[in-house]
Amino acid sequence: IHFSIMTITSIGYGDVSPQSVLEYYVCAVMMLIGGGTWAYIIGSACGVVSNLDEQGIRFRQTMDHLNFMIKDTTIPDELGR
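Values in this document were obtained by computation on a predicted structure and should not be read as measured data.

Engineer: So what about the overall build of the protein? Which residues, and what values?
Structural biologist: What the protein contains, in helices and strands, is four helices and zero strands. Written out in order from the N terminus, the α and β elements of the protein read α-α-α-α. The globule rule puts the C-alpha radius of gyration for 81 residues at 12 Å, and the 25 Å found for the protein is more than 25% above it. Along the first, second and third principal axes, the C-alpha set of the protein runs to 75 × 25 × 15 Å. For the protein, the residues scored as buried account for 9% of the 81 residues in total. Counting only carbon and sulfur atoms, one obtains 65% of the accessible surface of the protein, whose full area is about 7,000 Å².

Engineer: So what's going on with the environment of Ser-17? Which residues, and what values?
Structural biologist: With respect to the helices and strands, Ser-17 occurs in the loop between helix H1 (2-8) and helix H2 (21-50). Note on Ser-17: relative accessible area 37%, which makes it partly exposed. Measuring from C-alpha to C-alpha, the distance between Ser-17 and His-2 comes to 9.8 Å, with 15 residues separating the pair along the chain.

Engineer: Describe the environment of Thr-73, listing the residues and the values that go with them.
Structural biologist: Tracing the backbone shows Thr-73 in the loop between helix H3 (54-72) and helix H4 (77-80). A distance of 2.9 Å separates the side chain of Thr-73 from the backbone oxygen of Met-69, its partner in a polar contact.

Engineer: Outline a nonpolar patch on the surface, supporting the account with residue identities and numerical values.
Structural biologist: On the surface, Phe-59, Met-63, Leu-66, Met-69, Ile-75 and Leu-79 cluster together into a nonpolar patch covering about 570 Å² of accessible area. Take the nonpolar patch: its biggest share by element is four residues, from H3. Mapped onto the fold, Phe-59 is located in helix H3. Classification of Phe-59 by relative accessible area gives exposed; the value is 53%.

The rules behind each value
Residues numbered from 1 in each chain as written. Predicted model: local features only at pLDDT ≥ 70, side-chain atom pairs only at ≥ 80, totals over all residues. Heavy atoms only, no water. Helix = DSSP H or I, 4+ residues; strand = E, 2+ residues; numbered from the N terminus. Rg over C-alpha atoms; globule rule 2.2 N^0.38 Å. Buried < 20%, exposed > 50% of the residue type's maximum accessible area, 1.4 Å probe, protein only. Areas by Shrake-Rupley, 256 points an atom, 1.4 Å probe, with all protein chains shown as cover. Polar contact = N/O pair within 3.5 Å; in protein donor to acceptor, adjacent residues only side chain to side chain. Patch = residues over 30% accessible without salt bridge, like charges linked within 9 Å, V, L, I, M, F, W, Y side chains within 5 Å. Salt bridge = Lys/Arg side-chain N within 4 Å of Asp/Glu carboxyl O.

The structure is reproduced here in structure tokens:
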């Protein structure tokens, strides 16, 4: 399980490896915590970057709502363009 976690989290194998069963378990838990922390940091950074253009996001949401309203009502296609 130790080597599979090292491979999945792309931590790498390094020069020092655990010698006892306890060290294998501690390393596995620490790698999972580190991988989860790294994923959280990257996800938070992506969330911040994706919300930088608030006016553009609000405009696209408004246009989406208007397009759905036009499809749901009997407004002629010429007026909906």
